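Residue strings, one per chain:
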Amino acid sequence: MNSTKTISFGIVGCGIIARLHALAIAGVPGARLLGACSKTYSSTEKFCTECNIRPFADYEQMLAEPELDAVVICTPSGEHAGQILAALQAGKHVVVEKPMCLTLEEADAVVAMAEQTGKMVCVISQTRFSDG
């Protein structure tokens with residue numbers, strides 16, 4: 001009997017990079033993309049229809065979803081800190097595009113909140129170029 005729990009993800013920010021995250025999640029056994037939200041509901045609907053997932057009216061609604069385990073943040077970098085803190089406070093793990101934050105103070109607040117909540121924060125830092 002396999003007792004491994006499926007991890008349910010939600011994406012905030014339904015732009016180009018979100019599609020790459022959706023594909024990555026689809027390719028990981030034990031992971032599923034539950035839903036997404038964005039600044040405009042029209043972009044949310046389009047993305048969610050493409051991915052056959054649940055559209056959320058806004059970030060707060062998505063964070064309130066009890067089935068959601070983790071959030072993937074694909075928004076402009078100036079929004080990251082507040083969105084990370086909100087996710088951690090809601091009891092969700094976080095995957096965030098780089099940069100995690102724009103200031104040291106924001107980064108310190110994220111680290112402190114992650115430690116306080118016991119939730120993980122992962123910053124995506126893919127290799128774009130290689131020497132060999």
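Just so you know, these numbers come straight off a predicted model, no measurement behind them.

*Asks:* Tell me what's going on with the packing of helix H4 (residues 80-89) against helix H5 (residues 104-117), and back it up with residues and numbers.
*Replies:* Two elements in contact, H4 and H5, have axes whose closest approach is 10 Å; the angle formed by their N-to-C orientations is 10 degrees. Classified by the angle their axes make, H4 and H5 are roughly parallel. For the pair formed by H4 and H5, the contact residues are Ala81, Ile84, Leu85, Leu88 and Gln89 on the first element and Glu106, Ala109, Val110, Met113, Ala114 and Thr117 on the second.

*Asks:* Can you break down the nonpolar core residue by residue, with the values?
*Replies:* Core analysis: the biggest nonpolar cluster contains 22 residues, and Tyr59, Met62, Val71, Ile73 and Ile84 have the highest contact counts within it. Only strand S2 (31-37), helix H3 (59-63), strand S4 (70-73), H4, strand S5 (93-97) and H5 provide two or more residues apiece to this core. Filtering out sequence-adjacent residues up to four positions away, Val71 remains in contact with Gly10, Val12, Tyr59, Met62, Leu63, Ala87, Lys92, His93, Val94 and Val95. In this structure, Phe9, Leu33, Ala36 and Cys74 belong to the second largest nonpolar core, which totals 16 residues.

*Asks:* Please provide a residue-by-residue account of the pattern of salt bridges, values included.
*Replies:* What the rule picks out here adds up to five salt bridges. With a closest N to O distance of 2.6 Å, Arg32 and Glu67 form a salt bridge. Pair noted here: Arg32 is in strand S2 and Glu67 is in the loop between H3 and S4, with a separation of 35 residues, a long-range link. On the basis of relative accessibility, which here comes to 44%, the residue Glu67 falls in the partly exposed class. Of the charged contacts in the structure, one is a salt bridge between Arg54 and Glu65, with a shortest N-O distance of 2.5 Å. Of this pair, Arg54 sits in strand S3 (residues 54-55) while Glu65 sits in the loop between H3 and S4, and the two are eleven residues apart along the sequence.

*Asks:* Requested: an account of the sheet that holds S5, with residues and values cited.
*Replies:* Here six strands make up an open sheet; going across it, the order is S3-S2-S1-S4-S5-S6 and the pairing parallel. The open sheet is flanked by S3 and strand S6 (121-124), the only strands paired with a single partner. As judged from the four bridges shared by strand S1 (residues 7-12) and S4, these two strands associate in the parallel manner. For Val12, the partnering residue across the bridge sits in S4 and is Ile73.

Calculation notes
- Residues numbered from 1 in each chain as written.
- Predicted model: local features only at pLDDT ≥ 70, side-chain atom pairs only at ≥ 80, totals over all residues.
- Heavy atoms only, no water.
- Axes fitted to C-alpha atoms, helices over the stretch in contact; angles between N-to-C directions.
- Helix = DSSP H or I, 4+ residues; strand = E, 2+ residues; numbered from the N terminus.
- Parallel < 35°, antiparallel > 145°, perpendicular 65-115°, else oblique.
- Contact = heavy atoms within 4.5 Å.
- Core = buried A, V, L, I, M, F, W, Y, C linked by side-chain atoms within 4.5 Å.
- Buried < 20%, exposed > 50% of the residue type's maximum accessible area, 1.4 Å probe, protein only.
- Salt bridge = Lys/Arg side-chain N within 4 Å of Asp/Glu carboxyl O.
- Pairing = 2+ DSSP bridges.

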